Amino acid sequence: MNIALLFNPSSGNGSRAAAVDRIVASLRQDGHRVTSLCVGNAGGEGPDARRLLGASDLLIIAGGAETMSLVPMTGF
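Residues numbered from 1 in each chain as written. Predicted model: local features only at pLDDT ≥ 70, side-chain atom pairs only at ≥ 80, totals over all residues. Heavy atoms only, no water.

Q: Is there a simple way to explain the overall build of the chain in this structure?
A: The helix and strand inventory of the chain stands at three helices and three strands. The order of α-helices and β-strands along the chain, N terminus first, is β-α-β-α-β-α. Buried residues in the chain amount to 30% of all 76 residues. Of the roughly 4500 Å² of accessible surface on the chain, a fraction of 51% belongs to carbon and sulfur atoms. (Helix = DSSP H or I, 4+ residues; strand = E, 2+ residues; numbered from the N terminus. Buried < 20%, exposed > 50% of the residue type's maximum accessible area, 1.4 Å probe, protein only. Areas by Shrake-Rupley, 256 points an atom, 1.4 Å probe, with all protein chains shown as cover.)

Q: Can you help me understand the confidence of the model for the chain in this one?
A: Low-pLDDT portions of the prediction should not be read for the details of their coordinates. For the chain, the average pLDDT comes to 77, and 72% of its residues sit at 70 or higher. Ranking the helices and strands of the chain by mean pLDDT puts strand β1 (residues 2-7) first, with 89, and helix α3 (residues 65-70) last, with 71. (pLDDT = per-residue confidence, 0-100.)

Q: Explain the sheet that holds β1 here, please?
A: Either a parallel or an antiparallel arrangement is found when strands of a sheet pair, and the pairing is made through backbone hydrogen bonds. Taken together, the three strands give an open sheet; going across it, the order is β2-β1-β3, and neighbouring strands pair in parallel fashion. Each of the sheet's edge strands pairs with one partner strand only, and the pair in question is β2 (33-38) and β3 (58-62). Taking each pair of neighbouring strands and ignoring which way they run, the sheet shows an average axis angle of 20°. Where β1 and β2 come together, six bridges link them in parallel fashion. Bridged to Asn2 within β2 is Arg33. (Pairing = 2+ DSSP bridges. Axes fitted to C-alpha atoms, helices over the stretch in contact; angles between N-to-C directions.)

Q: What should I look at first to understand the nonpolar core in this one?
A: In a soluble, globular protein the nonpolar side chains are often hidden away together inside. Of all hydrophobic cores here, the largest spans eight residues; its members are Ile3, Leu5, Phe7, Val20, Val24, Leu27, Val34 and Ala62. Apart from the residues within four sequence positions on either side, Val20 is in contact with Leu5, Phe7 and Ala62. Of all hydrophobic cores here, the second largest spans seven residues; its members include Leu6, Leu37, Val39 and Leu52. (Core = buried A, V, L, I, M, F, W, Y, C linked by side-chain atoms within 4.5 Å. Contact = heavy atoms within 4.5 Å.)

Okay, here's the thing in structure tokens:
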């Protein structure tokens, strides 16, 4: 399965990057193809995110409400 993982490393207490690394490693160990993309202050939203989402079977978002508001949902 192709999985897109969008995350905001600044969300919460700033510990998202370590959690994302563990999630990605676990999913890959199970045989999934995982592509992660930073959103928020890291600036990953836009065309890159749309392309990633369009090529994915599943979307995982690691962040809070602000992170959700950055996810480009139109056209999917």
